[in-house]
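Overview (structure and organization)
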Amino acid sequence: QVQLVESGGGLVQPGGSLRLSCAASGSISSIYSMGWYRQAPGKQRELVATSTIRFGGSTNYADFVKGRFTISRDNAKNTLYLQMNSLKPEDTAVYYCNARRTDFSDLNWGQGTQVTVSL
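Residues numbered from 1 in each chain as written. Predicted model: local features only at pLDDT ≥ 70, side-chain atom pairs only at ≥ 80, totals over all residues. Heavy atoms only, no water.

1. Remarks on the overall build of the chain
Cut-off, in case you're wondering: Secondary structure counts use DSSP, requiring at least four H or I residues in a row for a helix and at least two E residues in a row for a strand, with both numbered from the N terminus. Note on method: radius of gyration uses C-alpha positions; expected globular size equals 2.2 Å times residues raised to 0.38. Each residue is assigned to one of three classes by its accessible area relative to the maximum for its type, calculated with a 1.4 Å probe on protein chains only: buried under 20%, partly exposed between the two thresholds, exposed over 50%. What makes two residues a contact is simply this: any of their non-hydrogen atoms within 4.5 Å. To be clear on the numbers: accessible area is Shrake-Rupley with a 1.4 Å probe, and residue cover counts the displayed protein chains and nothing else. Asp and Glu count as negative and Lys and Arg as positive, but His and the ends of the chain are not part of the count. We put the charge of a Lys on NZ, of an Arg on CZ, of an Asp on CG and of a Glu on CD.
When helices and strands are counted, the chain shows zero helices and eleven strands. Sequence-ordered secondary structure for the chain, helices as α and strands as β, is β-β-β-β-β-β-β-β-β-β-β. On C-alpha atoms alone, the chain measures out to a radius of gyration of 14 Å, which is about the 14 Å that the 2.2 N^0.38 rule sets for 119 residues. For the chain, the proportion of its 119 residues judged to be buried stands at 43%. Partitioning the contacts of the chain with sequence separation of at least 6, the portion at a separation of at least 24 is 51%. A total of about 6100 Å² of accessible surface is found on the chain, and carbon and sulfur atoms cover 48% of it. With 12 positive and 8 negative side-chain charges, the chain shows a separation of 3 Å between the mean positions of the two kinds.

Below is the structure:
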């Protein structure tokens, strides 16, 4: 079993920055990749960025965050980060952390953290 706890959300003005954190615990060795997803009101959950934990740590970003968001991890702390810069009102959503096995099946989801971009 893997537990994921997100933190770092909040209210920020357009153009501002936030850093989200996702602390993983439990059966860490079963994790192949971790990622961030978001869900805005009335919309489906969508991928933001992912990072493999093993085999080189490759990353993948949704087109709408390329150049603005950076996913990173601290393996010693079992923590995944999402640095979000140049935030836009359309980035407003609940952001979820996700962990997956080597076959890409879900290990678990975090509880979500609210990000609101507004004046």
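2. Let's talk about the state of the cysteines
Heads up, the condition is: Put simply, a disulfide is two cysteine sulfurs that come within 2.5 Å.
Following the criterion strictly, the structure yields one disulfide and no others. The disulfide partner of C22 is C97, and the S-S distance across this bridge is 2.1 Å. Between C22 and C97, the S-S dihedral sits near -80°, and the bridge is therefore left-handed. With C22 in strand 3 (residues 18-26) and C97 in strand 9 (residues 93-100), this residue pair connects regions lying 75 residues apart in the sequence.

3. So, the environment of T59
Following the sequence through the fold, T59 ends up in strand 6 (residues 59-61). Linking T59 and L47, residues twelve residues apart in sequence, is a C-alpha distance of 12 Å. Excluding residues that lie within four positions of it along the chain, T59 makes contacts with T50, S51 and I71.

4. Let's talk about the pattern of salt bridges
To be explicit about the condition: Salt bridge, as used here, is a side-chain nitrogen of Lys or Arg placed within 4 Å of a carboxyl oxygen of Asp or Glu.
For the coordinates displayed, the defined rule picks out five salt bridges. K66 is paired through a salt bridge with D63; the nearest N and O atoms lie 3.1 Å apart. When sorted by exposure, K66 lands in the same class as D63, which is exposed. R68 is the salt-bridge partner of D91, the closest N and O atoms lying 2.7 Å from each other. Of this pair, D91 sits in the loop between strand 8 (79-84) and strand 9 while R68 sits in the loop between strand 6 and strand 7 (69-74); the two residues are 23 residues apart in sequence, bridging distant segments of the chain. On the basis of relative accessibility, which here comes to 1%, the residue D91 falls in the buried class. You can call R68 buried: its relative accessible area is 11%. If you follow the salt bridges from partner to partner, you end up with R38, E46, R68 and D91 in one network.

5. Describing the nonpolar core
Worth spelling out the cut-off: To qualify as a nonpolar core, a set must consist of buried Ala, Val, Leu, Ile, Met, Phe, Trp, Tyr and Cys residues joined through side-chain atoms within 4.5 Å.
Among the nonpolar cores identified, the biggest contains 30 residues, and M34, W36, L82, M84 and Y95 are the most heavily contacted of them. Elements represented by at least two residues in this core include exactly strand 1 (2-7), strand 3, strand 4 (33-39), strand 5 (46-52), strand 7, strand 8, strand 9 and strand 11 (113-117). With sequence-adjacent residues up to four places away left out, M34 is seen in contact with L4, C22, A24, T50, S51, I53, I71, L80, C97, N98 and A99.

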